[in-house]
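# Chains, contacts and geometry: an overview
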Amino acid sequence: MANLAAIERIVAAKRTLPGALLPVLHDIQEALGHIPPESVPLIARELNLSRAEIHGVISYYHHFRQTLPGRHLVRICCAEACQAVGGEALAEHARTRLEGSDLTLEPVYCLGLCAIGPALQIDETTLHAHVTPEKFDALMAALAADK
Amino acid sequence: MKARVYVPRDAAALALGADAVAVAIAAEAARRGIDIQVVRNGSRGMFWLEPLIEVATPRGRIAYGPVAASDVRSLFAAGCMSGGVHRLYLGATDALPWLKRQQRLACRHIGVVDPRSLDDYLADGGGEGLRRARGMAPAGIVAQVTDAGLRGRGGAAFPVGIKWQTVLDAPTSPDCAQKYIVCNADEGDSGTFSDRLLMEGDPFSLLEGMAIAGLAVGATRGYIYVRSEYPHAIEALNAALVGGRDWLGDQAGNFAIEVRKGAGSYVCGEETALLESLEGRRGIVRAKPPLPAVSGLFGQPTVINNVITLASVPGILARGRISTVALAAVARAVPCLSSWPATSSTVVWLKCLSALRCASCCTTSAVARVRAGRCARCRSAAHWAPTCPSRNSTRCSTTRRSLP
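What comes next is a walk through the structure. Remember, predicted model here, so these are calculated numbers, not experimental data. (Residues numbered from 1 in each chain as written. Chains lettered and ligands numbered in written order. Predicted model: local features only at pLDDT ≥ 70, side-chain atom pairs only at ≥ 80, totals over all residues. Heavy atoms only, no water.)

### Details of the pattern of salt bridges
Tallied over the full model, the rule gives 31 salt bridges over all chains. Of the charged contacts, one joins Lys261 of chain B and Glu30 of chain A as a salt bridge, the two residues approaching to 3.6 Å between their closest N and O atoms. Of the two residues, Lys261 of chain B sits in strand β8 (residues 256-261) while Glu30 of chain A sits in helix α2 (residues 21-32), which places them in two different chains. Taking relative accessible area as the criterion, Glu30 of chain A reaches 59% and is therefore assigned exposed. Glu54 of chain B is the salt-bridge partner of Arg61 of chain B, the closest N and O atoms lying 3.1 Å from each other. Residue Glu54 of chain B is classed as buried on the basis of its relative accessible area, which comes to 1%. A network of salt bridges, in which partner residues are shared, links Glu28, Arg31, Arg32 and Arg73 of chain B. (Salt bridge = Lys/Arg side-chain N within 4 Å of Asp/Glu carboxyl O. Helix = DSSP H or I, 4+ residues; strand = E, 2+ residues; numbered from the N terminus. Buried < 20%, exposed > 50% of the residue type's maximum accessible area, 1.4 Å probe, protein only.)

### Points about the packing of aromatic side chains
For the coordinates displayed, the defined rule picks out 10 aromatic pairs over all chains. Seen from their ring centres, Tyr121 of chain B and Trp247 of chain B are 6.1 Å apart, and the 75° between their planes marks the pair as edge-to-face. Residue Tyr121 of chain B is found in helix α5 (residues 118-123), and its partner Trp247 of chain B is found in helix α12 (residues 245-252); the two are separated by 126 residues along the sequence. We note that Tyr121 of chain B, like Trp247 of chain B, is buried. Each residue in the set Tyr60, Tyr61 and Phe64 of chain A is aromatic and connected to the rest through ring pairs, giving one cluster. Directly above the aromatic system of Tyr6 of chain B lies the positively charged group of Arg61 of chain B, at a separation of 3.5 Å from the ring centroid. Directly above the aromatic system of Tyr230 of chain B lies the positively charged group of Arg227 of chain B, at a separation of 4.8 Å from the ring centroid. (Phe/Tyr/Trp six-rings, centres within 6.5 Å; stacked < 30°, edge-to-face > 60°. Lys NZ or Arg CZ within 6 Å of the ring centre and 35° of its normal.)

### Overview of the interface of chain B and chain A
Tallying the contact residues gives 39 residues for chain B and 34 residues for chain A. Taking both partners together, chain B and chain A bury about 2,600 Å²; carbon and sulfur atoms supply 59% of that area. Interface area lost by chain B to chain A is led by Ser190, Lys261 and Ala263 of chain B, which between them contribute 21%. For the pair chain B and chain A, the number of links is 2 salt bridges. Glu124 of chain A serves as the salt-bridge partner of Lys261 of chain B, at 3.8 Å between the closest nitrogen and oxygen. One can count 19 residue pairs in polar contact (both at pLDDT 80 or more) joining chain B with chain A. (Contact = heavy atoms within 4.5 Å. Buried area = accessible area lost by both parts, 1.4 Å probe. Polar contact = N/O pair within 3.5 Å; in protein donor to acceptor, adjacent residues only side chain to side chain.)

Printed below as a string of structure tokens:
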């Protein structure tokens, strides 16, 4: 499979790092959008770890995913500072709004934008502050138009 | 020389549309045939004014904010390049009331320099601490940090010098003679983002602090463990590592720093869980002892400090022993103190919950005034004595009386 060849290259590039597992998993997820379950035996062999250890690490860290996300990954900050300025209402609105859409919604616990919440992150690159339900709808409409 | 326009690249400014503003400014300047350099600096911290743009003029840096991309045309029409008055005009940045009363030490370069430019950092006084540390014995560096009274800024306030001394004294195992400096940048608590502000606005201070720690304890490898929720901080640190490679190599020899990305585990902010994560395992806390200082990363003696703690170190080394010792007691009294006095002759205003007391004239005040390390009222060499067990009461160290 093409995926496995790519994964093999990624693992080969990082396998000599001390404590290489997290950097390897990050690189795979960055390249493929997720960590395919079939990559686990390969990583285990290359890093001389058991498959259980790899699975334990992938399932422990919230950041790692074993299934592909939707077309865009929308993360709403649900930490205390954002909650205090309407983050929960925004998250509730977003859940309803994105139901059945091709966008993935996830909570995130603090983007470090506590002074300008509620905060939202799209695809780990774009940040938005003071997000109201209306602003959220406008952002999602822009994402939908950007197919 | 091109006129410099500063548009922050801090994540908070980006969330408020700073990228669009930077693009609009470059486009408008090109349209008007003005030769400018758009510098993407860190944030000054005034988020209610972000994106806060600054224009370098002969009168100093003039601030405008909060600027939207749609304001840019009218700003240029009002002559913002020469500090012209506009609806968003705020005046000289340094004279803004919120900034004017601050003395920044750990945060002194943030918002002032271009975080991607080593030249900017060095021109603003950076690098001096590392330069001095190079000429000192490891024990001398540790002693200076201990004398300065620097405490861990991650919240536990453990004396940094004691931690470093433990690592300096720790023997390495014969099969792997390696000590480590680990920077804990897994800043997860909501409402705290000073580490992010520093990493994005002044990454070179952190690198310099880590290099000094390396010289102090004899470590040659450093790791910065940054949480995955901070992609912009990771980008800034990696850019600084590329830009500062020759400088670090020249100043700190074989000290190598690597940025490692966390993966959304809040527990990894705890130091031993962080070390587990760095080693490639689940972030589960270790039993202590042994302390990380004795057996830390890969079982080796490890200094693990918070971002602001390490970034405070260059300032302590650069200022030398006298000024730091004179004010160490004052600083110890105020764990929340975010800025250290720039020089020993500076007037320091400390607002703190616990009163401070001059040992000679017994002046006590919620606001203690110290000038050149002396009490402002009786001019004696002030011996501020904050040996407070409860944090809310302060005792005078000479009379040993408790204050009301």
